[in-house]
Each structure stands twice: as C-alpha cells, then as structure tokens.
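An overview of the molecular structure
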Amino acid sequence: MNASTTSRHATAFARRFDLRLPLVQAPMVGASTTALVVASCNAGALGCLGAGAMTAEKIAAEVAQIRAATSRAFGLNLFVLEPAAPDDATVRRALGAIDPLRAEFGLPPGRAPERYAPAFREQLDQVIALRVPVVSFTFGVLDAADVARLKAAGSYVIGTATHVAEALAWRDAGADAVCAQGAEAGGHRGTFIDAEKNPLVGTMALVPQLVDALGIPVLAAGGIMDGRGIAAALALGAQAAQLGTAFLPCAESAIANDWRRRLAASSDTSTAVTRAITGRYARGIRNTLMDRLEAEPALVAPYPVQNALTQELRQAAARADRGEFLSLWSGQGAPLLRGRQAGCGAAELIDALDAEWRAASMRASGFAALE
Ligand SMILES: Cc1cc2nc3c(=O)[nH]c(=O)nc-3n(C[C@H](O)[C@H](O)[C@H](O)COP(=O)(O)O)c2cc1C
C-alpha cells in the first residue's frame, strides 16, 4: 500500500504529516531503534525515537541514520530534566538495596556515576540544530522561549500530559499538540504536576477532558493495542493514537528475548506502577526486581538517580536474558498482543492496524446509521 494514501477518515494531524492512518509509533527508550522508526515512517505512521537517554552526539548520529533511510516526517522524544546532584547519603542508601542484587550477577558494589542523565540543555540545542520535524517531551514542560526556538527551527512540538493542568501548561507554553498519557500506558508516567500523588487518570477519561480543555490537537496514548482502540481514541476526539506496547514485539524493537516471552505470557493484571526501579513512577510487568526494590521504599532515590544506579544491573540482566531483573515496561493491554504474529515487522503490524481501524470505523458508522 502506498504510504502517502490519505483516507477520508484522516485527521488534520494525519494530513499534516501525510500519514496513511492516524498512528504514532511511541518513542520508547530501550525499545525504539532507528530501524523501528524508519519502518514505521515508511509504512505510513509517524515513527518516533526515544532519545531521552542519548547524548547530543548520539542523537545526531541516529537522526542521520533515520534521514538516510526515509524522507518522511519522524519524531524524537526527550526527557525534560534538571541536572541531578544527590547527596552521598541518598546514593549510599539506594545502593544498600541494589548492591545485593548486583552481587547475584557478579557485579561489584555500585558507585555514584559521573553523570546521572545526559545534559538536557545539550540535547535540546542539538535537536534544534538538527531541525527535527516532530519533537515530543515528557517528565516536564518547556518554557515558551524554548518552544518558540523549536518552532523557529521548523519543529512541531508535542508535550506529554497525564492530567488537565499539565496539558494546559503545555498549551500555554505554545505546544502544537499534547499527548494524553492514560494510566494504562506502559513505561514511565510523564507526570510533572502533583507527581507525588501519582495521578492515574485512565485514557478513556483523560482524552475527552483534554480535547474539551485545550483547543489544540490531542494524541491518545495508553492501552491502545489494535484498530478498535484507534477508532475509540478518534471517537473521543483525539487526532491520532500513540501506541507503545503494541510495537514492543516487533522485529525492529530492541527488547530482550525474555521480555518478549513475558509480554506474550502476561495477563490483564500482570503490570503494576512502581517508582522502585528508577525513582519515577512507571508501569511494567511485575518481576523480582520490582518486588525486591519495593520491599524497601525508604531506600529508593529520586529519578534519575535510582535509574542510573540500577542501570548496570539491568544491562547485565539483559545480556544474560534474565527477565526477572529487567525493567519490563509494558501497558495493561499487552495480552491483546496474543492475536499478533510474534516478531513481525513494524510494517506488517501497521498494515494490520490500518485494516482493523478502517473496519472498526465502518462498524461504528454502521451503528450510527441504524439509530
Ligand atoms: C518500553 C517503553 C518505553 C517508553 N519510553 C518512553 C520514552 O522514552 N518517552 C516517552 O515519552 N514515553 C515513553 N513510553 C511511553 C509511550 O510513549 C506511550 O505513552 C505508551 O507506550 C502508550 O501506552 P501503551 O504502552 O499502552 O501503548 C515508553 C513506553 C514503553 C512501553
């Protein structure tokens, strides 16, 4: 199918980026590769690279790879973070819980790294210099001057919101669109206002509230796994659906084989939202790592400190393909993956989503005609 085919159902967002269907392949640190982004873009979705953990140099290299393989629009995602400067006691306390787990992989006691996360300002300047077509953000909001710099560089700016106040903050800063991240979503919560309350507004409730409050395009994320979900998101007023978990089993995704197996075996109650692994609330499949670190909540350091301190352990677990010590980020919809062929390419998945979404839209308009 020709990726540039537009449909009578296409939204303004889909038309703007010449999408075959109103679909965003979610940016996912640890899973979204340049190959996944390119395959998604070339199949007619908006492919997005999770670049929150990359240095500015790495971002430049990966953007060059994407540009060499597709002429279509693509997106890149960053974490809005202040530099972390934890005190020694915080680091020592956190390592008190992490070191015994490191020992199980033969790793020596952990130490404070030189840097807990890449420098956000350097990442942002790089992305502006690279004139990336779509740039999305999570974990915080930019000020209006930075949004204006991005727009002057030709970027379309998307902010992530988990409740109305965050969405209004992004709109007021000048964002072009907001990604509504419902509680069902896999991975880190984007929450940055009232984060200590861990607000968990579900996608079905969040999307129409943001649509009514904002007056700028809303993308729906969280629990959307198939064409029915895309049609439902559009019915709620979203201009596109952003799917993450649905892309995890794709051939181009970077996740470990044991993560794939655990996704395939998961049920609707397999995931939990925890801050024990990284210091920031995130949804993933419950495993030994989550249980062991949750057992001592007072030892958990804030993000990105805890994230950096558990990183070597999780990397060792990935090398050993031992899912019990990975961060198995996944959404509540993962069991719906069972209808799909494991390890298929993103293009095949997008073909299926397109057919399903069109069929679901036809059914919905058929019901309307019966009224
Ligand atoms: C493994 C994984 C990694 C993720 N990494 C990011 C990220 O780097 N940046 C971001 O904005 N969202 C990230 N997310 C959240 C997704 O963008 C999206 O909100 C979520 O996947 C949608 O819900 P779903 O998983 O139910 O489809 C991640 C999600 C997963 C599953």
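All of these numbers come straight from a predicted model, not from anything done at the bench.

Calculation notes
- Residues numbered from 1 in each chain as written.
- Predicted model: local features only at pLDDT ≥ 70, side-chain atom pairs only at ≥ 80, totals over all residues.
- Helix = DSSP H or I, 4+ residues; strand = E, 2+ residues; numbered from the N terminus.
- Rg over C-alpha atoms; globule rule 2.2 N^0.38 Å.
- Buried ≥ 20, exposed ≤ 12 C-beta atoms within 10 Å, placed from the backbone.
- Contact = placed C-beta atoms within 7 Å.
- Pairing = 2+ DSSP bridges.
- Axes fitted to C-alpha atoms, helices over the stretch in contact; angles between N-to-C directions.
- Parallel < 35°, antiparallel > 145°, perpendicular 65-115°, else oblique.
- Left-handed = near helix turned anticlockwise from the far one by under 90°.
- Nonpolar A, V, L, I, M, F, W, Y, C, P; charged D, E, K, R; others polar.
- Domains from an automatic or database assignment.
- Near = placed C-beta within 6 Å.
- Arc of directions from axis to C-beta.
- Core = buried A, V, L, I, M, F, W, Y, C linked by C-beta atoms within 7 Å.

**Quick look at the overall build of the protein**
Of regular secondary structure, the protein possesses 14 helices and 11 strands. Here the C-alpha radius of gyration of the protein, 20 Å, is about what a compact globule of 371 residues would show, namely 21 Å. On the principal axes, the C-alpha backbone points of the protein span a range of 65 × 45 × 40 Å. In the protein, which comprises 371 residues, the share counted as buried stands at 51%. Taking the contacts inside the protein whose residues are at least 6 apart along the sequence as the reference set, 70% of them involve residues at least 24 apart.

**Here's the deal with the sheet that holds strand 7 (residues 187–188)**
Overall, antiparallel pairing links the three strands, which are arranged 7-11-10 in an open sheet. Because the sheet does not close on itself, it has two edges, and the strands there are strand 7 and strand 10 (271–274).

**Comments concerning the packing of helix 7 (residues 164–173) against helix 8 (residues 203–214)**
Here helix 7 crosses helix 8 at 40 degrees, and the two axes come no closer than 10 Å. By the angle class used here, helix 7 and helix 8 are oblique. Relative to helix 8, the crossing made by helix 7 is right-handed. Contact with helix 7, carried on its side by Val164, Ala167, Leu168 and Arg171, involves Gln209, Leu210, Ala213 and Leu214 of helix 8 and no other residues of that element. Residue classes in the contact of helix 7 with helix 8 are distributed as six nonpolar, one polar and one charged.

**Brief notes about helix 2 (residues 34–42)**
Counting buried positions along helix 2 gives seven out of nine residues, so the element sits mostly inside the fold. Of the positions making up helix 2, those classed as buried are Thr34, Leu36, Val37, Val38, Ala39, Ser40 and Cys41. Among the residues trailing helix 2, glycine 44 stands out with phi positive, at a value near 105 degrees.

**Regarding the domain arrangement of the protein**
It is common to report an interface's size as the accessible area lost on association of the parts. Splitting the protein by domain gives domain 1 (12–81 + 117–262 + 352–370) and domain 2 (85–113 + 271–329). On a C-alpha basis, the centres of domain 1 and domain 2 stand 26 Å from each other. At the level of secondary structure, the elements contributing two or more residues to the side of domain 1 that touches domain 2 comprise strand 7 and helix 10 (257–264). With four residues, helix 10 is the largest single contributor of residues to the side of domain 1 that touches domain 2. Residues of the side of domain 1 that touches domain 2, tallied by class, amount to six nonpolar, six polar and three charged.

**With respect to the site of the ligand**
The full set close to the ligand counts 29 residues, and Ala185, Gly186, Gly187, Gly244 and Gly331 are the nearest of them. When its residues are assigned to classes, the shell around the ligand shows 11 nonpolar, 17 polar and one charged.

**As for helix 5 (residues 120–130)**
Taken as a whole, helix 5 has its buried residues at Gln123, Gln126 and Val127. When helix 5 is viewed along its axis, its buried side chains cluster within an angular range of 95 degrees and face the same direction. Close packing links the buried residues of helix 5 with helix 3 (56–69), strand 3 (75–79) and strand 4 (134–138). Among the residues trailing helix 5, arginine 131 stands out with phi positive, at a value near 50 degrees.

**Focus: the sheet that holds strand 1 (residues 23–25)**
Think of a sheet as strands paired side by side through backbone hydrogen bonds, with each pair either parallel or antiparallel. Taken in spatial order, the eight strands of this closed barrel run 1-2-3-4-5-6-8-9, and their pairing is parallel. Between one strand axis and the next, the sheet turns through 25 degrees on average, direction left out of account. Looking at chain direction, strand 6 (residues 177–181) and strand 8 (residues 218–221) are connected through four bridges and run parallel. Across the sheet, alanine 180 pairs through a bridge with alanine 220, a residue of strand 8.

**A word on the pairing of strand 11 (residues 282–285)**
With two bridges connecting them, strand 7 and strand 11 associate as antiparallel partners. Bridge pairing links histidine 188 to alanine 282 in strand 11. In this sheet, strand 11 lies alongside strand 10 in antiparallel orientation, the contact comprising four bridges. Within strand 11, the position partnered with threonine 274 by the bridge is alanine 282.

**Regarding the nonpolar core**
Among the nonpolar cores identified, the biggest contains 115 residues, and Leu23, Val178, Ala180, Leu210, Val218, Leu219 and Ala220 are the most heavily contacted of them. Summarising the domain contributions, this core has at least three residues from each of domain 1 (12–81 + 117–262 + 352–370) and domain 2 (85–113 + 271–329).

**So, the environment of leucine 289**
Summarising the element assignment, leucine 289 is placed in helix 11 (residues 288–294). Once the C-alpha coordinates of leucine 289 and threonine 310 are considered, the two residues, 21 residues apart in sequence, prove to be 9.7 Å apart. With near-sequence residues (within four places) excluded, leucine 289 lies in contact with Ile277, Glu324, Phe325 and Leu326.

**Quick look at the environment of phenylalanine 137**
The residue phenylalanine 137 is located in strand 4 in this model. A tally of 28 C-beta atoms within 10 Å means that phenylalanine 137 is categorised as buried. Between the C-alpha atom of phenylalanine 137 and that of glycine 190, which follows or precedes it by 53 residues, the distance is 8.7 Å. Setting aside chain neighbours within four positions, we find phenylalanine 137 in contact with Asn77, Leu78, Val80, Leu142, Gly159 and Thr160.

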